[in-house]
Each structure stands twice: as structure tokens, then as C-alpha cells.
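The chain contents come next:
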Amino acid sequence: MCVTAVESRPAGLLGTSPSPARRPLGARVMGFVALTKPRIIELLLITTVPVMFLAQQGVPDLDLVLLTCIGGYLSAGGANALNMYIDRDIDALMDRTSQRPLVTGMVSPRECLVFGITLAVVSTLLFGLTVNWLSAWLALGALLFYVVVYTMILKRRTAQNIVWGGIAGCMPVLIGWSSVTDSLSWAPVILFLVMFFWTPPHYWPLSMKVKDDYARVGVPMLPVIATNKAVAKQIVLYSWVMVAVSLLLTPLGYTGWFYTAVALAAGGWWLWEAHALLNRAKAEVTGAKLKEMRLFHWSITYVSLLFVAVAVDPFLR
């Protein structure tokens, strides 16, 4: 399915854009921080650091952990800023994004573009010069994939946008492993696949909640073009594959009993919630009673528990 981009809407149209002289320094700083989407980056770091413990089979060098986290934050922050620059037209029309810095005028489009490019360059050099160049290229690849492939190509053209665009969000597990070993192996690849299959059932429940927003701006998220029942079936399918893939680490010798127990318990609860959502969708429940956000919130808890288990498991083997 193809859709055309909506007509651009000047930043700040939802309110009066402050002139440069009227933008307080503190608010300006917070505006630039908001461009990086800190809450999303927190989730990316949750999947980066535990993999470093797994790669080290113990406690990795703490300076290396710090540098990897800083580099990861700057790289993801640059990607998010460039995403906001490209999407500023539709952000101004969507309720949940109407207070972003470019929409309110706290940060100008030119400032955002320069900021995003600067973070991309600095993060790549930081990774390359202080961690290793494999991690640098992986981080840069994730940034370019998110900005070019997802934001510019997929997001406004296909309902598969979040499926393939989510690859960028899977890269931190590869970066975490490569920062310690300067190489890759099957363990980070398996965790990459866990995150790949996690992303759609994580994001589609939120898209179900705000599908009117996406429909208004012509972004064909799956819940916009498919029924709740069809979306819930896809969520269940991806959920089963995700849980199955998460259990591959142990038979391949990378994890032990603790990780397996957590993966089974957390995965089992996930599947319970996914099937419950499907049952409500089949019953044609709508509105607040659909409770689609239950799975969205649990998905964050699930990935946190799973990767904490990844970090703890080496100490219990």
C-alpha cells in the first residue's frame, strides 16, 4: 500500500512559536534533550549493557560500558533528532507528537538538522576511537537504517514499516557484544532476532490505541488498514516466534538455568496477554475495554526482565 506524504505544516502552528529572544535557555536545552527521545534510548541501553556481561561472561570493563552507553545514546539521539526533522509535518498534526520541540518552535528545523548530524558524526568517532570500529559501523548503520529506510522510505508507504524498520532498534545487542569482543557470534544474532520479533507486537498495541492519529496523517500502520482481530492475530504470531527464539540461547550453550527460567516465565505471561488481546478482538470489544495497552506496557517489562536475566546468568553458571 502506498500513501502520499501529507502537506507540510509549519512548526509551531498548534500555538505561537516563541521568537529566539523569548526562548529561555533552560527550555531550549530541554528541547534539544527531547529531540533525542531519552525514554526510547533507555530501552536501547537496557538491551546493550546486559549483552556486554554475557559477552564477557562476567563484569565487563566499566570504562568500556560507559563509553558504549555514551556512544549509543549519542547515535540513537542523532537518529531520533533526524527522524523528528523529517517527520515535523505529520508531528504537527498528531495529538501525541504535538508538543515536540520542532512543532512548538522551541527548536528550529535547521537547528535540529545540524544537531542530528553532529550527534551522528560525534558518536561514530567516539565509538571508533575509544571502543572499536566494528561497533562504530554498526551504530552508524543503525542510525542510517532508522533515518533513511524506516523514516524516509517505509513509514509512509507500507504497513510493514515497523516490522522492517524495527531492525534499527535491534542493533544495540550487536553493538553491546562487539564492544567487548570486537566480533560477532550466534548469541547476539539470536538476541537480535528476539528484538526483531518483539518490535511489532510491542508497537502494534500502541498503534491500535492511536490509530486515528496515524490515519489522520496517512501513515499506514497495520491497525489503520486492518481490523483489530487481524492485528491481534499478527501479534500472537510474532509473539510465539519471539518466545521460541528467546529459548535458543540455552541449547547453544550461551546461557544456563536462570535465563531459561526467566525466559519461560516472562514469555509465558506475554503469550497469555497476547492471546487475551486476541480473544477480546475476536469478541469485537472496542474502546477502553480492548485493553490493548496492557500488552504494550508488559512488553517493556518483558524485555527488561529478559535482558536482566542475560546479565545475571553468567554469575550463576
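Keep in mind it's a predicted model, so treat the numbers as computed, not measured. (Residues numbered from 1 in each chain as written. Predicted model: local features only at pLDDT ≥ 70, side-chain atom pairs only at ≥ 80, totals over all residues. Heavy atoms only, no water.)

A. Broad picture of the nonpolar core. Grouped together as the largest cluster of nonpolar side chains are 85 residues, with contacts concentrated most on Leu 191, Trp 270, Tyr 302 and Phe 307. Among the elements that take part in this core, helix H10 (residues 186–209) stands out by supplying 13 residues, more than any other. The residues touching Trp 270, leaving out its near neighbours within four places in the chain, are Trp 198, Pro 201, His 202, Ser 239, Met 242, Leu 295, Trp 298, Ser 299 and Tyr 302. (Core = buried A, V, L, I, M, F, W, Y, C linked by side-chain atoms within 4.5 Å. Buried < 20%, exposed > 50% of the residue type's maximum accessible area, 1.4 Å probe, protein only. Helix = DSSP H or I, 4+ residues; strand = E, 2+ residues; numbered from the N terminus. Contact = heavy atoms within 4.5 Å.)

B. Spotlight on the packing of aromatic side chains. In this structure the tally under the stated criterion is 12 aromatic pairs. With centroids separated by 5.1 Å and ring planes inclined at 65°, the aromatic side chains of Phe 32 and Phe 115 adopt a geometry described as edge-to-face. Within this pair, whereas Phe 32 is found in helix H1 (residues 25–35), its partner Phe 115 is found in helix H6 (residues 109–130), the two being separated by 83 residues in sequence. Under the relative-accessibility criterion, Phe 32 is labelled buried at 19%. Measuring from centroid to centroid gives 5.2 Å for Phe 196 and Phe 197, while their planes differ by 85°, and the two rings are edge-to-face. The residues Phe 196 and Phe 197 share a single accessibility class, namely buried. (Phe/Tyr/Trp six-rings, centres within 6.5 Å; stacked < 30°, edge-to-face > 60°.)

C. Inspection of H6 at higher detail. For H6, which comprises 22 residues, the first-to-last C-alpha distance of 31 Å matches the rise-based estimate of 32 Å (1.5 Å per residue) to within 8%. Considering only its buried residues, H6 is in contact with H1, helix H3 (62–86), helix H5 (101–104), helix H7 (133–154) and helix H9 (167–181). (Expected span 1.5 Å × (residues − 1).)

D. How the structure looks around the side chain of Thr 48. Structurally, Thr 48 can be placed in helix H2 (residues 38–56). Thr 48 gets classed as buried once you look at its relative accessible area, which sits at 6%. Every residue in contact with Thr 48, bar those within four places of it in the chain, is listed here: Thr 68, Pro 172 and Gly 176.

E. Broad picture of the pattern of salt bridges. Taken as a whole, this structure holds seven salt bridges when the rule is applied. One salt bridge in this structure joins Asp 213 and Arg 216, with 2.6 Å as the shortest N-O distance. Pair noted here: Asp 213 and Arg 216 are both in helix H11 (residues 211–217), with a separation of three residues, about one helical turn. When its relative accessible area of 5% is taken as the criterion, Asp 213 is described as buried. A relative accessible area of 44% means that Arg 216 is categorised as partly exposed. Among the charged side chains, a network of salt bridges with common partners joins Asp 87, Asp 89, Lys 155 and Arg 156. (Salt bridge = Lys/Arg side-chain N within 4 Å of Asp/Glu carboxyl O.)

F. Summary view of the layout of surface pockets. Here the second largest pocket is characterised by a volume of approximately 160 Å³. Along its surface, the second largest pocket is lined by Met 208, Lys 209, Lys 211, Asp 212, Asn 228, Thr 286, Gly 287, Leu 290 and Glu 292. Within the residue set of the lining of the second largest pocket, elements represented by two or more residues are H10 and H11. For the lining of the second largest pocket, the per-class residue count stands at two nonpolar, three polar and four charged. (1 Å grid on protein atoms, 1.4 Å probe; cavity = no way out; pocket = protein on both sides within 12 Å on 5 of 7 lines; lining within 4 Å. Points joined across faces, edges and corners; volume = space filled by probe spheres on them. Nonpolar A, V, L, I, M, F, W, Y, C, P; charged D, E, K, R; others polar.)

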